Amino acid sequence: MRTIYKTDNGILSQKESFESDVWVNLISPNMEELTEVADYFDIDIADIRAALDEEESSRVQIEDGYTVILVDIPFEEIRNEQRAYTTIPLGILLVSDAIVTVCSDDTVILNYFYNNRMRGFSTKKKMRFVYQILLRTANLYQTLLRAIDNKRSEVEKRVGTETTEDKDLINLHELETNLVYFATSLSANKVVLDRLTRYERIKQYPEDKELLDDVIVENRQAIEMTNIYRDIIHGSRELVSTIINNRLNNVMKFLTSITLVMAIPTIISGLYGMNVSGKWMPLSTVPHGFAVICILTALICVLALYILKRRRML
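Here's what I pulled together on the structure shown here. (Residues numbered from 1 in each chain as written. Predicted model: local features only at pLDDT ≥ 70, side-chain atom pairs only at ≥ 80, totals over all residues. Heavy atoms only, no water.)

Attention now goes to the packing of helix α4 (residues 126-157) against helix α6 (residues 206-272). Relative to each other, α4 and α6 sit at 20 degrees, their axes nearing to 9 Å. Put simply, α4 runs roughly parallel to α6. In this structure, α4 meets α6 at a crossing whose hand is left-handed. Each residue belonging to the contact of α4 with α6 can be placed in one class, and the counts come to 17 nonpolar, seven polar and nine charged. (Axes fitted to C-alpha atoms, helices over the stretch in contact; angles between N-to-C directions. Helix = DSSP H or I, 4+ residues; strand = E, 2+ residues; numbered from the N terminus. Parallel < 35°, antiparallel > 145°, perpendicular 65-115°, else oblique. Left-handed = near helix turned anticlockwise from the far one by under 90°. Nonpolar A, V, L, I, M, F, W, Y, C, P; charged D, E, K, R; others polar.)

Written as structure tokens, this is what we have:
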């Protein structure tokens with residue numbers, strides 16, 4: 001899908017054709033749309049399609065007549081029938097009289113702009129627009145990182161209760177996987193930001209450089225949050241695993257103790273069931289001998305239970 005926007009006197013409007021100082025937004029474009037944009041702005045179509053490759057790395061690439069900026073942005077998806085997060089590339093191409101954004105999916109980052117919710121947004125101020133996109137990206141990372149930490153807290157609340165299950169381990173693993181994606185992408189975006197601090201092809205105003213400093217600070221904070229949350233989730237996963245294993249050990253200890261106690265009457269009844277002369281068997285000739293043997297067996301079992309209880313084996 002191809003959409004063209006332009007701001008006039010602070011008002012964002014949608015255009016039908018290419019003009020100067022416009023923003024061309026491409027969301028999962030087809031080949032016809034790619035070719036049209038590439039031909040009009042004299043851009044290599046491979047540079048536009050680069051943002052559609054999920055394996056493409058973040059970078060700043062300066063070409064004749066235009067600049068390609070690729071960054072990784074957070075994206076929500078369904079993985080293992082659960083809501084999860086990953087990252088996808090976002091391409092920003094700066095040409096002489098326009099700015100082109102390319103993404104394989106619609107993203108809330110760009111929604112923020114074409115819904116006219118960004119203060120001071122103008123399609124004519126290209127570098128400021130780029131920095132605003134990067135700032136929204138860093139803010140979205142932080143928002144999703146807090147959501148991940150909240151999910152981790154929900155799992156920890158169930159730790160030590162009867163509701164703790166193996167599924168909690170899987171959930172923590174999924175959260176840790178999300179953080180791995182975030183950490184890799186944020187580190188790559190940091191390289192892009194460092195490169196942009198030395199970018200001089202397009203004129204930048206003092207307030208633009210201040211905005212870039214804010215982006216660098218927010219991105220650094222997102223990296224620190226990712227590292228902290230990943231360490232916490234790693235510890236939580238080990239804790240849940242330990243509790244589940246300890247619970248299994250307690251069950252096995254209980255079953256072993258019960259098996260030991262149940263073996264007592266089995267042994268006694270086995271001895272009295274042997275095919276030997278009854279006169280040699282204790283209490284075989286005593287009146288009510290069977291009841292006495294049962295009572296003695298029960299007392300021995302109670303004694304065994306008491307000893308196991310005292311030694312905390314039951």
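Bringing a negative patch on the surface into the picture now. Together, D53, E54, E55, D105 and D106 make up a region of like negative charge exposed at the surface. According to the relative accessible area criterion, D53 is partly exposed, its value standing at 35%. (Patch = residues over 30% accessible without salt bridge, like charges linked within 9 Å, V, L, I, M, F, W, Y side chains within 5 Å. Areas by Shrake-Rupley, 256 points an atom, 1.4 Å probe, with all protein chains shown as cover. Salt bridge = Lys/Arg side-chain N within 4 Å of Asp/Glu carboxyl O. Lys, Arg positive; Asp, Glu negative; His and termini not counted. Charge placed at Lys NZ, Arg CZ, Asp CG, Glu CD. Buried < 20%, exposed > 50% of the residue type's maximum accessible area, 1.4 Å probe, protein only.)

Ranked by size, the top nonpolar core spans 56 residues in total, and within it W23, I69, Y131 and L196 carry the most contacts. For this core, the secondary-structure elements that each account for two or more residues are β3 (22-27), β5 (66-79), β6 (82-95), β7 (98-103), α3 (108-114), α4, α5 (166-196) and α6. With 13 residues, the single largest contributor to this core is α4. (Core = buried A, V, L, I, M, F, W, Y, C linked by side-chain atoms within 4.5 Å.)

Interaxial distance between α6 and helix α7 (residues 289-310) falls to 10 Å at its minimum, and their mutual angle equals 155 degrees. Overall, the two elements α6 and α7 adopt an arrangement that is roughly antiparallel. Taken as a pair, α6 and α7 cross one another with a handedness that is right-handed. Contact with α6, carried on its side by S257, L260, V261, I264, P265, I268 and Y272, involves I293, T297, I300, C301, A304, L305 and L308 of α7 and no other residues of that element. (Contact = heavy atoms within 4.5 Å.)

With mixed pairing, the seven strands of this open sheet are ordered in space as β2-β1-β3-β7-β6-β5-β4. For this open sheet the edge positions go to β2 (11-15) and β4 (59-63), each flanked by a neighbour on one side alone. Along the sheet, successive strands turn relative to each other by an average axial angle of 25 degrees, direction set aside. Here β5 runs beside β6; their pairing, made up of 14 bridges, is antiparallel. From the neighbouring strand, V71 faces β6, where its bridge partner is L90. (Pairing = 2+ DSSP bridges.)

Attention shifts here to a nonpolar patch on the surface. Together, I267, L271, Y272, M274, L283, V286, V292, I295, L296 and L299 line one region of the surface with nonpolar side chains, adding up to about 880 Å² of accessible area. Contributing elements (two or more residues each) for the nonpolar patch: α6 and α7. Looking at which element gives the most residues to the nonpolar patch, the answer is α7, with four residues. Here L271 shows up in helix α6.

Before going further, it helps to spend a moment on the side chain of Q132. One can find Q132 in helix α4. Judged by its relative accessible area of 6%, Q132 is buried. Residues in contact with Q132, not counting those within four places in the same chain, are F113, M118, R119, G120, F121 and L211.

Attention now moves to the environment of S104. With respect to the helices and strands, the residue S104 is situated in the loop between β7 and α3. On a C-alpha basis, the gap between S104 and D21 in space is 23 Å, while along the polypeptide they are 83 residues apart. Here D105 takes part through its side chain, which lies 3.4 Å from a polar atom of the side chain of S104. (Polar contact = N/O pair within 3.5 Å; in protein donor to acceptor, adjacent residues only side chain to side chain.)

This part takes up α7. Taking 1.5 Å of rise per residue, 22 residues should cover 32 Å, and α7 covers 31 Å from first to last C-alpha, within 8% of that figure. What α7 keeps buried is the set G289, I293, T297, C301, A304 and L308. Along the axis of α7, the buried residues cluster in a sector spanning 115 degrees; they form a single face. Along α7, exposed side chains directed more than 90 degrees from the buried face belong to I295, L299, V302, K309 and R310. At its buried positions, α7 is contacted by α6. (Expected span 1.5 Å × (residues − 1). Arc of directions from axis to C-beta.)

In this structure, strand β1 (residues 2-8) lies alongside β2, joined through five bridges in antiparallel fashion. From the neighbouring strand, Y5 faces β2, where its bridge partner is Q14.

Taken as a whole and judged by the stated rule, the model has ten salt bridges. Ionic pairing is found between D208 and R128, a salt bridge with its closest N-O pair at 2.8 Å. Of this pair, D208 sits in helix α6 while R128 sits in helix α4, and the two are 80 residues apart along the sequence. R128 matches D208 in its accessibility class, with the two residues each being buried. For R237, the salt bridge identified is with E176, shortest N-O distance 2.8 Å. Of this pair, R237 sits in helix α6 while E176 is found in helix α5, placing the two residues 61 residues apart along the sequence. Looking at R237, the relative accessible area reads 26%, which means it is partly exposed. E176 gets classed as buried once you look at its relative accessible area, which sits at 12%. Here the residues in one salt-bridge network are R128, E207 and D208, joined through shared partners.

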